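Next come the chains, spelled out residue by residue.
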Amino acid sequence: MQRWGGKREVMYTALKALGDSVDYIQLVKVLESNHKYGAVGGDVMILNDKESYISFMSSLRYWMAFNIERACQSFFNCVSCISGPLGLYRNDLLQQFLESWYNQEFLGSHCTFGDDRHLTNRMLSMGYATKYTARSKCYTETPAQFLRWLNQQTRWTKSYFREWLYNAMWWHKHHLWMTYESIVSGVFPFFVTATIIQLFWKGSLWDILWVLCCIQLIGLMKAFYACILRGDLVMVFMSLYSALTCHPDHEQEHLGNVGPAHRWWATTLPLLPLSVWAAILLGGLCYTAYKDEPAVLAGARQDCGKRASWCSGSVAYVCYWTVMLLLYWVWFRRVLQETP
């Protein structure tokens, strides 16, 4: 009988019941095309994308994650995570590590989240390729409230770094791209966090404004590229997601790993990382403003060009967010009116 538990308990019961007698998974065209393909995932879309701003932004992020990131990984035969809502595995291989996957422990504690990524890592550890296809699609629900979304990100972050350590043992079995991407994605959050903290505490007000404008410009360029790939102008709102690169999402990646042996830390105190991050940034901004005030006032009197650059940058940044949020509000209201 299935024990009471989370997602892993349900997945284990279904996969255990599948047993060795059923192998219809191997009938999938992608898996049949090469005997070295161990698993394949499809395109997961958001069902409740019109429920809130958070769910809408998640729907855009999902499209980027699957149709650009996973598509790229699939080209090199090393998709890092076969998403649970739509993933197929070779059953004969899956049965070989099912018990090990189910009984996974980390620092003495039984693992209850990060199920999909660890299942994928088990397949990669055997030297088999993992693939992605955009021709198979499904829908899933995503958190529509900020705190639920924050909890989700914390769980995913904890499992990502836990699985990063496991995945690193199998880099030599796969394409060099997997090693490169793993190192970059593992180091990048710490690099961004350190850069932002240094910027807010040791930089100038102009430095902060310049970096914020650059973040939005790069986000806008990425969004336009996604518009071309998808053929849908709605992807222009993806540029608003760039704010999360210097928002609590990255702070979650550090504080979320504190006390990794304790399960409760993944789903409780969701506002703690956000509060710490906000205090660091606000404190740094106030300190920098206090430190730069004499220089700013003196520069304003002596250098009209510097004052004009500061004013232009500030106006451009505020106007960008005003226009984009206004467009989102108009678009969102129109979509709600069209929804039966």
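Here the structure is shown first, and the text comes after it.
How each quantity is defined
- Per chain, residues are indexed from 1 in the order of the written sequence.
- Given that this is a predicted model, residues contribute local features only at a pLDDT of at least 70 and side-chain atom pairs are listed and counted only at 80 or more, while totals for whole chains, interfaces and linings are drawn from all residues.
- Side-chain figures throughout are based on the complete set of non-hydrogen atoms in the structure, without hydrogens or water.
- Salt bridges are defined by distance alone: a side-chain nitrogen of Lys or Arg within 4 Å of a carboxyl oxygen of Asp or Glu.
- Accessible area is worked out with a 1.4 Å probe on protein chains only. A residue is then buried under 20% of its type maximum, exposed over 50%, and partly exposed in between.
- Helix and strand definitions here come from DSSP, where helices need a minimum of 4 consecutive H or I residues and strands a minimum of 2 consecutive E residues; each element is numbered from the N-terminal end.
- Whether two strands pair comes down to DSSP finding at least two bridges between them.
- Throughout, a contact is declared for two residues whenever any of their heavy atoms are within 4.5 Å.
- Axes here refer to lines fitted to C-alpha atoms; in helices the fit is confined to the stretch in contact. Angles between the N-to-C directions go from 0 to 180 degrees.
- For any pair of crossing helices, the crossing counts as left-handed if the nearer helix is rotated counterclockwise from the farther one by less than a right angle, and right-handed if it is rotated clockwise.
- The classification used treats Ala, Val, Leu, Ile, Met, Phe, Trp, Tyr, Cys and Pro as nonpolar, Asp, Glu, Lys and Arg as charged, and all other residues, Gly among them, as polar.

Draft legend 1. Looking closely at the pattern of salt bridges. Under the definition given, this model contains four salt bridges. The partner of E69 in a salt bridge is R61, with the nearest N and O atoms 3.0 Å apart.

Draft legend 2. Fine view of the pairing of strand β1 (residues 37-46). Of all ten residues making up β1, nine are buried, and the element is well covered by its neighbours. Bridge count between β1 and strand β5 (residues 129-140): eight bridges; the pairing is parallel. Looking at β5, one finds that Y37 is bridged to A129. When β1 meets strand β2 (residues 87-89), the two strands line up antiparallel, connected through three bridges. Within the sheet, the bridge partner assigned to A39 lies in β2 and is Y89.

Draft legend 3. Looking closely at the side chain of S55. Residue placement: S55 occurs in helix α3 (residues 53-75). Setting aside its immediate chain neighbours within four residues, S55 contacts I46, N48, D49, K50, T142, P143 and A144.

Draft legend 4. View of the packing of helix α6 (residues 146-167) against helix α7 (residues 176-202). It is at 11 Å that the axes of α6 and α7 come closest, and there the two elements cross at 145°. In the crossing of α6 with α7, the sense of the turn from one axis to the other is left-handed. Where α6 abuts α7, its residues Y160, F161, W164 and N167 lie against M178, S182, I183, S185, G186 and F190. When grouped by side-chain class, the residues that make up the contact of α6 with α7 number six nonpolar, four polar and no charged.

Draft legend 5. Molecular detail of the sheet that holds β1. Here three strands make up an open sheet; going across it, the order is β2-β1-β5 and the pairing mixed. Looking at which strands have only one partner, the edges of the open sheet turn out to be β2 and β5. The sheet shows a mean angle of 20° between the axes of neighbouring strands, taken without regard to direction. Most of the contacts of helix α5 (residues 115-125) go to β2, to which it runs at about 30°, and overall it touches β1, β2 and β5.

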